[in-house]
Each structure stands twice: as C-alpha cells, then as structure tokens.
Amino acid sequence: MATAATPTRTFPPTRTPLNRTRPFSHFSRLRCYAGAKAPILTASNLTDPSPAFRSLTAFAPATVANLGPGFDFLGCAVGGGLGDTVTVSVDPAVAPGTLSIAEISGSSSASKLRRDPLWNCAGIAGIAAMRMLGVRSVGLSLSLHKGLPLGSGLGSSAASAAAAALAVSELFGGRLTPDELVLAGLESEKKVSGYHADNVGPSILGGFVLIRSYDPFEIIQLEFPHDRDLFFVLVSPEFEAPTKKMREALPANIPMKDHIRNSSQAAALVAAVVQGNVRVLGSAMAADAIVEPRRAPLIPGMVSVKKAAMEAGAFGCTISGSGPTAVAVIDEEEKGNEIASRMVEAFAKEGNLQSIATVAKLDRVGARVIGTEAA
C-alpha cells in the first residue's frame, strides 16, 4: 500500500486529530453520555463528508484493564508492538453508507471471527463512527489484521474497535473527537464483552485512563511522568479465558471491608501513576481483594505465577483484564526480562501451560494512523 504524509488540515477548535505523537493534556476530561446514539456533536453527524483518502490504515495498542483493584474503571495502553491493525477503503462495490469486512488475518484465533460487520468488533465500531459522521454517499470495505489473540486479557476486542473507529474518522479528515471515538468503540464492547471502557479508552487515548462515570460517561486521562521508567512484564499462556465466563465468576455482593480495601488501593494506584511511583503502583496493583481471588483459580498456575514474579523482584503482579495474561511491573527492562523468565517457568511447572513473554513500556500515544493512500 502506498503511504503518504497526512496533509495539513484545519480542525474546528474543539476537535483534535488522533494521528498524534503525544498524549492529551494532563488530567484531560472527555465528556459524553452513556448509551447515547448521537453523542454531543456539532456538525459532524449532520453532514455527508467526502473522503480525504482512498484508504487508510490505523493501529491500536494492547491494553491492561483493571490494574488489580480498578475493576472496570482503570486501564492503560502497552507498547512492544502489541495491537491490532485496521485498513478502511472507499469501495464502489459496497452499498453507500454501509461497511463490509473484506478480510481478517493475523493470529491463529482470528479465523474464529465473523465477517458480518454487525457481529465483529471492528465492524461495529466502524459503523458507529460512520453513523456519527453522517456518511451516506460512499461504502467502505474493512480489513482487520489481528496482532492480539482472542481471550488473552490484553484488550483484543477493544484494539480492533479502536483501530476501526480511528481509521474511519481519519479517512474522512479526522472529524471525530476523542470522546466520540471512545463512544464508537464502546458500541462494540457493549455488544461483545460488556459496557466497559477500561480497554477501549486507553487503546484510543494511550497512557493510563480512569473511567469516572458511565452514566453520564466521563473518562479522565492520567499522565505518568515522562522522566520515570515503567515496564510491564506480560506473560500470556496458551489458554483462552473468555470475558463472559470470567465475569460470571465474580461475586454478586462483597463485604464492606473488601470494598474499603479495594477503594483505598485503587486511590493509591492513581496517586502512584501521577507521581511516577512504580513501587506503590505495583503494590496497589497486587492488592485486589475482590476480583483476582475469584479469577486466579480459573487460570492454571496463576497463583504460582504471581508468587514467582514477586519473588523475582516485581513490584506487583496481577491478572491483566479477565486473563489469562499475567502482568507484573518493574522499573528496569533487564530486571523485567528476569521476572518474565520466572513467570514463564511457573506457568509451565504449575499450570502445564506454554506461554509467551513480552516486556513493554507504557504506550503513551494510543491509536494512530500508520499509512494512507491518496484519494
């Protein structure tokens, strides 16, 4: 595919293009309303925009949701090249105002995905973005490359949705705001894995995010200091943990003491993020008393993997999202590699599972355009 630099465009004052190289402002609030079919827009949903490109490719990174005590309201994006890629193209063979999925490639589990855009994460988010933009005159075809395995606990569905929403928006000149893109992604998450933005939010925005409220919807970006080092040790075993199944394991009611403990640990985690204190971040992340104790027994070897990570020097370790990936944090890459080896060994010995380890930095950018073809 031919690539070209995105031409300079003038954006309305309240809109921000997402093909950026740095995160949004410190503690920026992005507001919209949960469940709204037409979020707060100005002219974008009243027009029928012309494509700025013939085709465009976007990448969205993997994410770590929950971060221990922050169930459904804390998450972050991780680097290391982990993520999904979506290409959208103007296609005369596709009915105007509609979207068709032309191809799905990538990880071995990608073959399980449906090409019906109404039942595919990328398709649902792409259609939502088209609806927000008011696209009626052209049809789009979408190709999805899965860099993330399904049911990995690394935000696989959210990465597909984030890349698709951004790709559609940027194909028409980057008209959607960050909060609109998150809402488009949430349309997909709602249908596939539940109405939670702790994956799709950071996949679009980058860095750490806090979901303050779902009704009305409000998301806050937390900026980890640029002069501090933070590494995520991600160990993914050959084991699928479907989000729906892992949610069914959660308790309907929790004791007040557990609520207080988790609330204090989540608050400590947020403070640690903005202060750049990796030690406190790790200890808070490892202190979940509600979700992890119910899910860990469902992932073979997870309890031993956490113990191995901590004994190897990790500041903290927990389940990434709904699992089965285990995530530990440290402030040195070399130390991270040592921790990864111990975690892989524990999965093999105690869980009888082969696993793949990655040591990655925080992804501060989020979803971004990686290629275009001129109209």
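Structure: see above.
In what follows, the accompanying structure is described.

What counts as what
- Residues numbered from 1 in each chain as written.
- Predicted model: local features only at pLDDT ≥ 70, side-chain atom pairs only at ≥ 80, totals over all residues.
- Heavy atoms only, no water.
- Pairing = 2+ DSSP bridges.
- Helix = DSSP H or I, 4+ residues; strand = E, 2+ residues; numbered from the N terminus.
- Axes fitted to C-alpha atoms, helices over the stretch in contact; angles between N-to-C directions.
- Contact = heavy atoms within 4.5 Å.

### Points about the sheet that holds strand 8 (residues 231-237)
Across the sheet, four strands lie side by side as 9-10-8-11; this open sheet has antiparallel pairing. The open sheet has two free edges, formed respectively by strand 9 (316-319) and strand 11 (355-361), since each of these has just one partner strand. Recorded for the sheet is a direction-independent mean angle of 20° between the axes of neighbouring strands. As paired elements, strand 8 and strand 10 (residues 326-330) share five bridges and run antiparallel to each other. Bridging from a neighbouring strand, Val233 pairs with Ala328 of strand 10. Helix-sheet contacts for helix 7 (residues 278-285) involve strand 9 and strand 10, and the interaxial angle to strand 10 is about 155°. Contacting strand 8, strand 9, strand 10 and strand 11, helix 10 (residues 333-351) crosses the sheet at an angle of about 20° to strand 8.

### Considering unusual backbone geometry
Backbone torsion omega between Asp215 and Pro216 reads 0°, so that peptide bond is classified as cis. By the element assignment, Pro216 lies in the loop between strand 6 (208-214) and strand 7 (217-222). Put simply, Gly323 and Pro324 share a cis peptide bond, and its omega is 10°. Note on placement: Pro324 falls in the loop between strand 9 and strand 10. Phi at Asn66 takes a positive value of approximately 75°, unusual for a residue other than glycine. Mapped onto the secondary structure, Asn66 falls in the loop between strand 2 (53-65) and strand 3 (74-90).

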